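Listed below are the residues making up each chain.
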Amino acid sequence: MLDDLYRELILDHYRSPRGAAPLERTDRRAEGQNPLCGDECTVSLRLDGEKVLQVGFRGRGCSISVASGSMMAGEIEGLSLAEVRRLEASVKSMLQGKGRDPSLDLGDLEALEGVARFPVRVKCALLPWTTLLEALSRKDPAGERARVTTEQAGPGPGGAAGGGGGGI
Amino acid sequence: MLDDLYRELILDHYRSPRGAAPLERTDRRAEGQNPLCGDECTVSLRLDGEKVLQVGFRGRGCSISVASGSMMAGEIEGLSLAEVRRLEASVKSMLQGKGRDPSLDLGDLEALEGVARFPVRVKCALLPWTTLLEALSRKDPAGERARVTTEQAGPGPGGAAGGGGGGI
Amino acid sequence: MTPAAGPEAARRAAPPPEPPPLDAARRKADFPILAPRPGLPPLVYLDSAATTQKPRSVIQRIVRFYEEENANVHRGLHRLAEAATRAYEEARAAAARFSGAAGPDHVVFTRNATEAVNLVARAWGGMHLGPGDEVIATEMEHHSNLVPWQEVCRSRGAILRIVPVTEDGRLDREAFRRLLGPRTRLLAVSAKSNVLGTVNPVAEMAAEARSAGARVLVDAAQAAPTAAVDLRAWGADFVAFSGHKMCGPMGIGVLALSGDARSDLPPFLFGGEMVRRVTLEGATWNDPPWLWEAGTPSVADAAGLQAAIEYLEEIGAPALHAHEVRLTARCMEMLAGLGGIRIFGPRDPSARPGIVSFWMEDVHPHDLAQLLDADGVAIRAGHHCAQPLMARHGVVATARASFYLYNTDEDVDAFVRAVLRSREMLAPGPKGKHLGI
Amino acid sequence: MTPAAGPEAARRAAPPPEPPPLDAARRKADFPILAPRPGLPPLVYLDSAATTQKPRSVIQRIVRFYEEENANVHRGLHRLAEAATRAYEEARAAAARFSGAAGPDHVVFTRNATEAVNLVARAWGGMHLGPGDEVIATEMEHHSNLVPWQEVCRSRGAILRIVPVTEDGRLDREAFRRLLGPRTRLLAVSAKSNVLGTVNPVAEMAAEARSAGARVLVDAAQAAPTAAVDLRAWGADFVAFSGHKMCGPMGIGVLALSGDARSDLPPFLFGGEMVRRVTLEGATWNDPPWLWEAGTPSVADAAGLQAAIEYLEEIGAPALHAHEVRLTARCMEMLAGLGGIRIFGPRDPSARPGIVSFWMEDVHPHDLAQLLDADGVAIRAGHHCAQPLMARHGVVATARASFYLYNTDEDVDAFVRAVLRSREMLAPGPKGKHLGI
Ligand SMILES: Cc1ncc(COP(=O)(O)O)c(C=O)c1O
Ligand SMILES: Cc1ncc(COP(=O)(O)O)c(C=O)c1O
Ligand code: FES
Ligand code: FES
């Protein structure tokens, strides 16, 4: 069971995250926070019109959130913004255990499939993606910062992970 | 066990209470209430200086309170006020399970001894006596009414009968 | 003859088919405390309106929680914390289903019905009641659905108006309509009286209150025991009840919320679990419904409540209702046969199932309860936390027998026999006729 | 050499004799949930600071209540009502003895410590705090002893002042003294931190606060588990704790009161049981302590709490303390040996018994908790409802192992082994030295 979560590929991304090098120039940028644990990440993008040229990801969080961001950085480089959005929707659906678009190749991201079985950790894996969406939605000039939380994106309350807190 | 409470003498006083006839003239009078059940009684006295000439008792309450009042009416007629006070102290002590003055003859009141084993009912038996004390403490002209409750006189909180309410 | 009045209409208007009768003797065996005890008379427990007994499945659910799942809930990353969280949130889902709420996130766990009402009075009332606003309650409310409104009205400068009770123990609907007005903010009404047994027309009253722009709180403490709670069907905003009156444990209650109520109810108590971010300067709140649950909840009791809900659902509301009506009819008839007894509330047993409050000449309710106890019959005597209703009927106390799913015809008979014996003891001689029981 | 410095003085200053050591392996057998389970690794439960496990005697006490004594309390005239009332009031007497209150009527039962603090903040604060008045809390408080004060200060126009925490996790006593002033109305301080384990000098602080004219509330949620609660010795006015953290059930907490506090604490929640006379216009209140307990209480849980108190009293505070210090010392030493680990709080184990919060390089606390769980080791990761304290130490979360009377040396060893394995998994390669365990 735990092996579903800590797959070798996830650990590998955690130990040596992609996208960690600072970008020379940033067209979009957002910071995100997982309100349940307080962990944070930053997503920066270099765009060429409608295409993602380069991705910067820095996470201060658990292995799942860092690996998810690292995989994201690896997979979305070179994609069009529309493709990025489709990928995001598919990853989110997979993480929430609702299945995913079979026509899309998720690459390394497939390794995150097992997270769905750990409701408490789903928001960890979503954090970079919510932050990415926020960065994209910004029409602001380069370098403008936005702050989001995974609040809007997590599984609804009432699941086994329901409730807030963060330890007693 | 229950026979300790409902002794034949108690039932007899309940069925035909003494002191029930209205007094021609009243020197002292008080109304009392048991706050736990809302029951009430009235004690009226005719005095001759320091001596109780005649007692009126009317109770709207349970058998124990009515019997206690009826016995009281029977026992205190003819006593001096000091004797009445000694009797009251002894009855109260007996009802609270603290023993009683062995030199005092309680007459019919002895039948109330078993009440001590029913903490919820102790205030019933005390009601007429608290009201009597209140009537005596009044220096007012004849017919003046005083209202008291058994509040000050009952067993302290924390016993098995603790708490208030009166049913749920 | 209108077209609708043919056999077709008759069929449509026919009452629903009788549910299979509840086998109370078999149910009794589910309740360890009701088992025969050597050396004592069998327990005839007729005080279920105060608190019900607990079936084995509820007791065992609590044990299983402490023996297999115990941990603190929320965010725990170990197996027990997950199990405890699951138990707690599954109980919430069961409570939502049971109460007709839109979903688990419309259910708040409280200690009891009293706390649920206080939550609304304090949190909702503190925000939505102002000087001159009006709250409507009724003369038959339990103190727990009256005093909180007195207090919040006093502190907010609002006005509490009271629907009177008729001679036969029903709410005066005409008077209620006259009380409704543009300043009415909330109607607080019980679904069923704990003294009279009267089942109130809460759906109709709620509709009238809502069209006057008011919110509606239903005290369902006495309706929950027969699984007769339905926030949606009632059109209520707040529904409060207690686990311990419906086969569940003490220490757990429910406040179910409508969607509207859920979105404008501020926090109640403050502390762990109900916050999101806390700094030394201030805090932000967690999502509903956790926002209204400060501190470690009573998870074992919530799990026990779920077991109780499942127990009641298995029997079903129609069977529970029919059983209570039957016992009530039997009891009322037999008491009437004794003579010298005044029974409070509606005369039709089906309008007041399960509860018989009465006053007997010559035998004070407290004496009656004590004498009955010696015969193994447990009833309640007192004001039943409804002093205004007592005053309305000119008494300070009544004796109350209440019947539940584990009570049998024999229990009713034993009760009436014991009542008769008590009267013979306290007021001997022929009074009314003896029943051949 | 002063006269007092002879051998005589040395003898007087000697520490009290060591209590007989606590036999944790034997105690473990009292806890059904800790029994070996076929097919699963033995449970190493190190999350007792969140909630403790329950000994058989506590679980059985709850069962016995529901199987033999269940009824609603107060004024019932039947046998079960008497038994339930007795159980409830005996539990109150046990809680009074355990907390050092003057008597049973100085003890209020609440749902948990959080509700107890809210009761004081709402009821006492609502009456005694005004604009410009000051409340002092500390940077290490649990949200439950911080947010209620933020809220009442906000609503009353009072000012909340905070005692800072030093680098080694203690309260800054000098800063506290500077905060005390003529407007100080209340000090709210925990007897022991749930994150650092730090035992605070509450008696000394209470004395200083009282001489400034302030009342003192002690959050004893983490002190109660080792029977280290003493309202009288502390000189406190209010002491709050939870049953579930001290071997007792969830759903029951205690607020112990000084005589002074008891006499000027207004009502909190309103409803049944807490009133004396109710009319449609208003109500009068019951005597303390019932006046603060509205609605049907959690009698079974109160009885369970009494069983927990008796269980802890049998072991005794000195043995509980010594055992926790020993396990804490062992754990701190072994973790230090691993390298790359930052332990928060005082360095002296006897100043912070039972709790070890830490941060390990390369392994996020949430990952650590999840990985440890796979080895059957239950710890907690998160902010522990103490976000200001996290911020003070520059982290958003820590991993926390907490030890209790059923934990053995082997549990500590299993924990450290699992920590090591987690690090090897997430950050392989030689890091610090391996322990030979
Ligand atoms: C120091 C401290 N205070 C207060 C609390 C709150 O306790 P409860 O959640 O039982 O109300 C806790 C437990 O989480 C605690 O550790
Ligand atoms: C109609 C009604 N409302 C409210 C209550 C209060 O319930 P609890 O004491 O469980 O809070 C009761 C029970 O006594 C009741 O019968
Ligand atoms: S625990 Fe914070 S993002 Fe995973
Ligand atoms: S019950 Fe009211 S005086 Fe006895």
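Our structure is the block above this text.
None of these values were measured; they are calculated from a predicted model. (Residues numbered from 1 in each chain as written. Chains lettered and ligands numbered in written order. Predicted model: local features only at pLDDT ≥ 70, side-chain atom pairs only at ≥ 80, totals over all residues. Heavy atoms only, no water.)

## Describing the site of ligand 2
Line of reasoning, step 1. Taken together, 15 residues are adjacent to ligand 2, and Thr114, Asp219, Ser242 and Lys245 of chain C together with Thr296 of chain D come closest.
Line of reasoning, step 2. Of the chains in the model, those with residues near ligand 2 are chains B, C and D.
Line of reasoning, step 3. A distance of 3.3 Å is found between an oxygen atom of ligand 2 and a backbone nitrogen or oxygen belonging to alanine 113 of chain C.
Line of reasoning, step 4. In this structure, an oxygen atom belonging to ligand 2 sits 2.7 Å away from a side-chain N or O atom of glutamine 222 of chain C.
Line of reasoning, step 5. In isolation ligand 2 offers 390 Å² of accessible surface; the protein chains occlude 99% of this area.
Line of reasoning, step 6. Here the residues of the shell around ligand 2 sort into three nonpolar, 10 polar and two charged. (Near = heavy atom within 4 Å. Polar contact = N/O pair within 3.5 Å; in protein donor to acceptor, adjacent residues only side chain to side chain. Areas by Shrake-Rupley, 256 points an atom, 1.4 Å probe, with all protein chains shown as cover. Nonpolar A, V, L, I, M, F, W, Y, C, P; charged D, E, K, R; others polar.)

## Description of the relation of the copies chain D and chain C
Line of reasoning, step 1. For the match of chain D to chain C, the screw axis carries a shift of 0.0 Å, the RMSD comes to 0.0 Å, and the turn is 180°. Such values leave the two copies arranged in the relation of a two-fold axis. Of every C-alpha in chain D, the one belonging to glycine 251 of chain D sits nearest the axis of rotation, 3.0 Å from it.
Line of reasoning, step 2. Here 100% of the contact residues of chain D are again contact residues in chain C; the copies associate through an equivalent surface. (Least-squares fit on C-alpha atoms with pLDDT ≥ 70 in both. Contact = heavy atoms within 4.5 Å.)

## A short note on the packing of aromatic side chains
All names here are of chain D.
Line of reasoning, step 1. All chains considered together, the criterion is met by 18 aromatic pairs over all chains.
Line of reasoning, step 2. Where tyrosine 88 meets phenylalanine 109, the ring centres are 5.3 Å apart and the plane angle is 45°; that geometry is what we call tilted. One end of the pair, tyrosine 88, is in helix α4 (residues 79–99); the other, phenylalanine 109, is in strand β2 (residues 107–110), and 21 residues separate them in sequence.
Line of reasoning, step 3. Between phenylalanine 98 and phenylalanine 241 the ring centres are 5.8 Å apart and the planes differ by 55°, which places this aromatic pair in the tilted class. (Phe/Tyr/Trp six-rings, centres within 6.5 Å; stacked < 30°, edge-to-face > 60°. Helix = DSSP H or I, 4+ residues; strand = E, 2+ residues; numbered from the N terminus.)

## A look at the interface of chain D and chain C
Line of reasoning, step 1. Between chain D and chain C, the residue contacts involve 86 residues of the former and 88 residues of the latter.
Line of reasoning, step 2. Across the chain D/chain C interface, buried area totals approximately 7,200 Å², and carbon plus sulfur atoms make up 56% of it.
Line of reasoning, step 3. Our count for the chain D to chain C interface comes out at four salt bridges.
Line of reasoning, step 4. A salt bridge links glutamate 115 of chain D to arginine 111 of chain C, with the nearest nitrogen and oxygen atoms 2.9 Å apart.
Line of reasoning, step 5. In this assembly, chain D and chain C are joined by 36 residue pairs in polar contact (both at pLDDT 80 or more).
Line of reasoning, step 6. Its residues assigned to classes, the side of chain D that touches chain C comprises 39 nonpolar, 28 polar and 19 charged. (Buried area = accessible area lost by both parts, 1.4 Å probe. Salt bridge = Lys/Arg side-chain N within 4 Å of Asp/Glu carboxyl O.)

## As for the interface of chain C and chain B
Line of reasoning, step 1. Across the contact, 25 residues belong to chain C and 21 residues belong to chain B.
Line of reasoning, step 2. Approximately 1,800 Å² of surface area, both sides summed, lies buried where chain C meets chain B, with 55% of it carried by carbon and sulfur atoms.
Line of reasoning, step 3. In this assembly, chain C and chain B are joined by one salt bridge.
Line of reasoning, step 4. Among the ionic pairs, arginine 121 of chain B bridges to aspartate 367 of chain C, the shortest N-O distance being 2.9 Å.
Line of reasoning, step 5. Put simply, chain C and chain B have eight residue pairs in polar contact (both at pLDDT 80 or more) between them.
Line of reasoning, step 6. Elements supplying a minimum of two residues to the side of chain C that touches chain B: α13 (365–374), β14 (380–382) and α15 (409–426) of chain C.
Line of reasoning, step 7. With five residues, α13 of chain C is the single largest residue contributor to the side of chain C that touches chain B.
Line of reasoning, step 8. Taken together, the residues of the side of chain C that touches chain B break down into 11 nonpolar, nine polar and five charged.

## Focus on the pattern of salt bridges
Line of reasoning, step 1. Counted under the stated rule, the structure contains 80 salt bridges over all chains.
Line of reasoning, step 2. Here glutamate 174 of chain C and arginine 177 of chain C are joined by a salt bridge, their closest N and O atoms 2.6 Å apart. You can see glutamate 174 of chain C and its partner arginine 177 of chain C sitting in helix α7 (residues 173–179), three residues apart, about one turn around the helix.
Line of reasoning, step 3. Under the relative-accessibility criterion, glutamate 174 of chain C is labelled partly exposed at 44%.
Line of reasoning, step 4. When the shortest N-O distance is used, the salt bridge between aspartate 47 of chain D and arginine 380 of chain D registers 2.9 Å. Within this pair, whereas aspartate 47 of chain D is found in the loop between β1 (44–45) and α3 (56–69), its partner arginine 380 of chain D is found in strand β14 (residues 380–382), the two being separated by 333 residues in sequence. Exposure class is identical for aspartate 47 of chain D and arginine 380 of chain D. Each is buried.
Line of reasoning, step 5. When salt bridges that share partners are traced, they join Arg210, Arg215, Asp237, Asp260 and Asp264 of chain C into one network. (Buried < 20%, exposed > 50% of the residue type's maximum accessible area, 1.4 Å probe, protein only.)

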